[in-house]
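# Descriptive structure summary
Residue-level listing of the chains:
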Amino acid sequence: MTGLTIERVTKRFGEHTAVDELSLAVAPGEFVALLGPSGCGKTTMLRMLAGFEAVNEGTLRLGNRTLASTEIHVPPEQRNMAMVFQSYALWPHMSVADNVGYPVKLRGLRGAAYQHKVQQALALVELEAYAERTPQALSGGQRQRVALARCLVSDPSVVLLDEPLANLDRHLRATMEHSFRDFHQRTGATLVYVTHDQSEAMALADKIAVMKAGKLVQWGAPEMLYREPRTAWVAGFIGQGSQLNVAAGRPGQKLESASLMHGLNAMASERTQTVLVRPEHIRISLSAAMADQLPAQVESVIFRGERYELSLRLPSGETLLAYHHSAPELGSQVAATLLQGWCLEPDQ
């Protein structure tokens, strides 16, 4: 397998910079998500990887081979990459088997070798029994798996996926997340997956590139991005939590309970450090606050099945998101103990 290198890549459309000096190193067999809000440049980056867009600056490499630079542009069909589109892009007049085999048929493969390739690809996505059906006779999730099989039949070095679950309902998306994980484990393929859904990226990817306004904001494993977001924007974009001002810590530091609670009780003018507190790091007592706890008023209660989600108002006016096993009365006073927090850099 071959690694993928993105080195200071920039793409401009007129005066608008869609991707701004983005650099990433994707290891062979890694599942990488490009995550960010609409318009952040993630799909443009995917299209440059595929060869559908030229780079204005920087270099794209697959192993030691340069795919794109200011002087070089290898066409899409010569990059040994395959792409799964949001719309699936299946031929409605062809059977599932013919859709899957189309890329290798274009290369001249015929006969028993062709049949073996198609059957092998269908087996990887568990659709052997559907080979003779048409795409119209399949569910959305099955069509998505046909698109994946069509990618695999040509043995690509990299599979590119552009918001592949966006057209599916919530239940089917959850099912397809399992299918994607299984697919990655079975094939060992290098995957680059574009999504605006942080829960999708967190569930699937080995590493996530968080993008904002064309720039790479943070790059790392899902657990690291959740526990140690670099900026206030990343902290708000990935997962749930509360951002509070404290008189303690410095960016990139974890605050334990004693320091955190002490820093929250300082004078407002001294509370200059922003800290992220995740709801699972808050303990709620329905009795009156003790000296080492924060008093808070219950502003909303939402039932989430396995727990209640509480929105609390602190005496400072700041809000606190917490979980609890029972539902306190709206407007009642509770006591909060914050177990830990993560100090954030200010947004640029």
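Residues numbered from 1 in each chain as written. Predicted model: local features only at pLDDT ≥ 70, side-chain atom pairs only at ≥ 80, totals over all residues. Heavy atoms only, no water.

As recorded in an unreviewed UniProt entry, the chain goes by the name ABC transporter ATP-binding protein, listed as coming from Halomonas casei.

### Things to note about the overall build of the chain
What counts, and what does not: Strands here are runs of E lasting at least two residues and helices are runs of H or I lasting at least four, both read from the DSSP assignment and numbered beginning at the N terminus. Here the accessible surface of atoms and residues is derived via Shrake-Rupley with a 1.4 Å probe, and residues count as covered only by protein chains that are part of the display. Positive: Lys, Arg. Negative: Asp, Glu. His and the chain ends are not part of the count. The location of each charge is read from NZ of Lys, CZ of Arg, CG of Asp or CD of Glu.
Helix and strand content of the chain: 9 helices and 19 strands. Oriented by its inertia axes, the alpha-carbon framework of the chain measures out at about 80 × 45 × 35 Å. When the accessible surface of the chain is totalled, it reaches about 16300 Å², and 49% of it is carbon and sulfur. Measuring between centres, the 33 positive side-chain charges of the chain sit 4 Å from its 35 negative side-chain charges.

### Looking at the sheet that holds strand β1 (residues 4–13)
Remark on secondary structure: sheet strands pair via backbone hydrogen bonds, oriented parallel or antiparallel. Our working definition: Two strands qualify as a pair provided that DSSP identifies no fewer than 2 bridges between them. Axis geometry follows a simple rule: fit a line to the C-alpha atoms, using only the stretch in contact for helices, then measure angles between N-to-C directions, giving values from 0 to 180 degrees. Throughout, a residue-residue contact means that at least one pair of heavy atoms, one from each residue, lies within 4.5 Å.
Read across the sheet, 4 strands follow the order β2-β1-β4-β5 without closing on themselves; strand pairing throughout is antiparallel. Both outer strands of the open sheet, β2 (16–26) and β5 (65–68), are each paired with one neighbouring strand and no more. Here the strands of the sheet are splayed against their neighbours by 30 degrees on average, with no regard to which way each runs. Sheet analysis places β1 next to strand β4 (residues 57–62), joined by 5 bridges and oriented antiparallel. Bridging from a neighbouring strand, T10 pairs with E57 of β4. Contacts between helix α1 (residues 42–50) and the sheet are confined to β1, β2 and β4, with β1 contributing the most and set at about 115 degrees to the helix.

### Remarks on the layout of surface pockets
Quick note on the threshold: In this analysis a 1.4 Å probe is tested at points of a 1 Å grid over the protein atoms alone, and where it fits but cannot get out there is a cavity; an open set with protein on both sides within 12 Å along at least five of seven lines is a pocket; lining residues have an atom within 4 Å of a point. Grid points are joined across faces, edges and corners, and a volume is the space filled by probe spheres set on the points. Residues are grouped as follows: Ala, Val, Leu, Ile, Met, Phe, Trp, Tyr, Cys and Pro are nonpolar; Asp, Glu, Lys and Arg are charged; all remaining types, including Gly, are polar.
Computed from the structure, the largest pocket encloses a volume of approximately 600 Å³. In terms of lining, the largest pocket is formed by 19 residues, of which the most central are M81, A82, M83, P103 and S154. Here the lining of the largest pocket is built from residues that sort into 14 nonpolar, 2 polar and 3 charged.

### Side note on the pattern of salt bridges
Rules: Whenever Lys or Arg places a side-chain nitrogen within 4 Å of a carboxyl oxygen from Asp or Glu, that contact is recorded as a salt bridge.
Applying the stated criterion across every chain yields a total of 13 salt bridges. One salt bridge connects R8 with E21, and the closest N-O pair in it is separated by 3.1 Å. Pair noted here: R8 is in strand β1 and E21 is in strand β2, with a separation of 13 residues, a long-range link. Via salt bridges that share partners, K11, R47 and E53 belong to a single interconnected network.

### Focus: helix α4 (residues 140–152)
To be explicit about the condition: How far a helix is expected to stretch is found by multiplying one less than its residue total by 1.5 Å. Residue exposure (1.4 Å probe, protein chains only): buried if accessible area is under 20% of the type maximum, exposed if over 50%, otherwise partly exposed.
Counted at 1.5 Å a residue, the expected span for α4 with its 13 residues is 18 Å, and the 19 Å between its end C-alpha atoms agrees. Within α4, 11 of the 13 residues are buried, leaving the element largely enclosed by the surrounding structure. Buried within α4 are the following residues: G141, Q142, Q144, R145, V146, A147, L148, A149, R150, C151 and L152.

### Description of the packing of aromatic side chains
To keep it simple, the criterion reads: Aromatic pairing here means that ring centres of Phe, Tyr or Trp (its six-membered ring) are within 6.5 Å. Orientation follows from the plane angle: under 30 degrees is stacked, over 60 is edge-to-face, and everything else is tilted. Distance and angle both matter: a charge sits over a ring if NZ of Lys or CZ of Arg is within 6 Å of the ring centre and within 35 degrees of the ring normal.
Taken as a whole and assessed by the stated rule, the structure comprises 5 aromatic pairs. Relative to F237, the ring of W233 lies with its centre 5.0 Å away and its plane at 10 degrees, an arrangement referred to as stacked. Within this pair, W233 and its partner F237 are both found in helix α8 (residues 232–237), separated by 4 residues, close to a single helical turn. With 5.2 Å between their ring centres and 45 degrees between their planes, F303 and Y308 make a pair best called tilted. Of note, R278 hangs over the ring of Y226, and the distance from its end group to the ring centre comes to 4.0 Å. Seen from the ring of Y323, R307 lies directly overhead, with NZ or CZ sitting 3.7 Å from the centre.

### Looking at the environment of Q142
For Q142, the location among the structural elements is in helix α4. Here Q142 falls in the buried class, since its relative accessible area comes to 14%. Taking the C-alpha atoms as reference points, Q142 and G29, 113 residues apart in sequence, are found 24 Å from one another. In this structure Q142 touches L127 and Y130, once residues within four positions along its chain are discounted.

### Details of the pairing of strand β8 (residues 190–195)
The buried fraction of β8 amounts to 6 of the 6 residues, a majority that puts the element mostly inside the structure. Taking every second residue as pointing to the same face, both faces of β8 are buried, with T190, V192 and V194 on one and L191, Y193 and T195 on the other. When strand β3 (residues 31–35) meets β8, the two strands line up parallel, connected through 5 bridges. The residue bridging A33 from the neighbouring strand is Y193, located in β8.

### Re helix α3 (residues 111–124)
Threshold: Comment: arc refers to directions from the helix axis out to C-beta atoms.
Between its terminal C-alpha atoms α3 stretches 21 Å, which fits the 20 Å expected from 14 residues at 1.5 Å a residue. Buried residues of α3: Y114, V118, A121 and L122, and no others. The buried residues of α3 occupy an angular sector of 100 degrees when projected down its axis, which confines them to one face. On its buried face, α3 sits against α2 (96–106) and α4. Directly after α3, the chain includes E126, whose backbone phi takes a positive value near 55 degrees.

### Details of the nonpolar core
Let me state the cut-off plainly: Among buried residues, the Ala, Val, Leu, Ile, Met, Phe, Trp, Tyr and Cys ones that are joined through side-chain atoms within 4.5 Å form a nonpolar core.
If you look at the biggest cluster of nonpolar residues, it comprises 46 residues, and the most contacted ones within it are V100, L122, L161, F180 and I208. With 6 residues, α4 is the single largest residue contributor to this core. Sequence-distant contacts of L161, defined by excluding residues within four places in its chain, comprise L46, V84, L148, F180, L191, V192, Y193 and V194.

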